[in-house]
Structures are given as C-alpha cells and as structure tokens.
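# Descriptive structure summary
In case you want the letters, here they are:
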Amino acid sequence: MSIKKVKDHEKALSEELKDPNEAAAYLSAALEENDLDIFLLALRRVAQAQGISQISEKSSINRQHIYRALSEEGNPTLKNLIALLAALHFSLEVKPKQKAVNE
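Scope of this entry: the structure provided in the associated data block. What you are looking at is a predicted structure, and each value in this text was computed from that prediction instead of being measured.

## Let's talk about the overall build of the protein
A count of helices and strands for the protein gives 6 helices and 0 strands. Along the protein, from the amino end to the carboxyl end, the secondary structure elements read α-α-α-α-α-α. Taken over 103 residues, the protein has a buried fraction of 30%. As displayed, the protein offers around 7800 Å² of accessible surface, 52% of which is attributable to carbon and sulfur atoms. Averaging the coordinates of the 14 positive side-chain charges in the protein and doing the same for the 15 negative ones gives two points 5 Å apart.

Below you can see the structure in the form of structure tokens.
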C-alpha cells in the first residue's frame, strides 16, 4: 500500500471518528479485542480526531500527559481513562457477558 493511500485512509478514519456514534463503535470494537494496546491506539485516534487540546481542557489533564498516557508505552490510570472518556462524551459500562451455549 502506498504512503498516499495510507494517509488517505488515516484522513478518512479521522473524519469518521469525529462522529460520536462511529467513535463509540470503534472504541467498543477495540475493547472487545481484550488488548490494552489496541484499545489505547483506538482511543488515541478518537482523541486526535476530536482534538487533543479540547480533550485536555474538558478533562483537566494536560496535553503532554494525554499524549504520554495514550502512547504505545502508555498505561493510563483508570481515573484518567474515565476522565478522557468523559471529555469525549463517553462512559464505561460493565455488563454481564452472554453465556456460551455450551456452558
């Protein structure tokens, strides 16, 4: 895949992630992977699409800390994760899993 196609894809994804419903579906799909790195990458993309400066103001977390928390080496606290999601107008939800038919 050429660099231009990758950049076009990233730009299109960024535009899609500005829509709250698309962003929520994207984050939910990432969360279902049960891999923190995948979820943090998805959250980073959503935050970038919606503007890190705005997220920083709404969450009271400075921009550098957001970038660091959502980096590949990042490991945000639950408190910061909840604050970032709230700034994006999302919330965490815990619900029971559906039991498998064979259980």
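So, next bit.
## Some remarks on the environment of Val-94
Position of Val-94 relative to the elements: it lies in the segment after α6 (78-87). Residue classification places Val-94 among the exposed residues on the basis of a relative accessible area of 83%. The spatial distance from the C-alpha of Val-94 to the C-alpha of Ile-66 is 24 Å, given a sequence separation of 28 residues.

## As for a negative patch on the surface
Residues Glu-32, Glu-33, Asp-35, Asp-37, Glu-72 and Glu-73 make up a contiguous surface patch of negative charge. By relative accessible area, Glu-73 is classed as exposed at 69%.

## Regarding the pattern of salt bridges
Oppositely charged side chains can form a pair if their charged atoms are brought close together. One pass over the full model with this rule turns up 1 salt bridge. A salt bridge links Lys-18 to Glu-15; its shortest N-O distance comes to 3.0 Å. A relative accessible area of 45% means that Glu-15 is categorised as partly exposed.

## Notes on the nonpolar core
In terms of nonpolar packing, the biggest core is built from 23 residues, with Leu-27, Leu-43, Val-46, Ile-66, Leu-70 and Phe-90 touching the most fellow members. Contributing elements (two or more residues each) for this core: α2 (20-31), α3 (36-50), α4 (52-59) and α6. Looking at this core element by element, the count peaks at 7 residues for α3. Other than its neighbours up to four places away in sequence, Leu-43 contacts Leu-27, Leu-70, Leu-81, Leu-85 and Leu-88.

## Structural notes on the packing of α2 against α3
Close contact between α2 and α3 brings their axes to 8 Å; oriented N to C, the two are set at 165°. Judged by the inter-axis angle, α2 sits roughly antiparallel to α3. Read as a crossing pair, α2 and α3 show a hand that is left-handed. Contacts between α2 and α3 involve Ala-23, Tyr-26, Leu-27, Ala-30 and Leu-31 from the former and Ile-38, Phe-39, Ala-42, Leu-43, Arg-45, Val-46 and Gln-50 from the latter.

How each quantity is defined
- Residues numbered from 1 in each chain as written.
- Predicted model: local features only at pLDDT ≥ 70, side-chain atom pairs only at ≥ 80, totals over all residues.
- Heavy atoms only, no water.
- Helix = DSSP H or I, 4+ residues; strand = E, 2+ residues; numbered from the N terminus.
- Buried < 20%, exposed > 50% of the residue type's maximum accessible area, 1.4 Å probe, protein only.
- Areas by Shrake-Rupley, 256 points an atom, 1.4 Å probe, with all protein chains shown as cover.
- Lys, Arg positive; Asp, Glu negative; His and termini not counted.
- Charge placed at Lys NZ, Arg CZ, Asp CG, Glu CD.
- Patch = residues over 30% accessible without salt bridge, like charges linked within 9 Å, V, L, I, M, F, W, Y side chains within 5 Å.
- Salt bridge = Lys/Arg side-chain N within 4 Å of Asp/Glu carboxyl O.
- Core = buried A, V, L, I, M, F, W, Y, C linked by side-chain atoms within 4.5 Å.
- Contact = heavy atoms within 4.5 Å.
- Axes fitted to C-alpha atoms, helices over the stretch in contact; angles between N-to-C directions.
- Parallel < 35°, antiparallel > 145°, perpendicular 65-115°, else oblique.
- Left-handed = near helix turned anticlockwise from the far one by under 90°.

Don't take any of this as a statement about function, it's just geometry.
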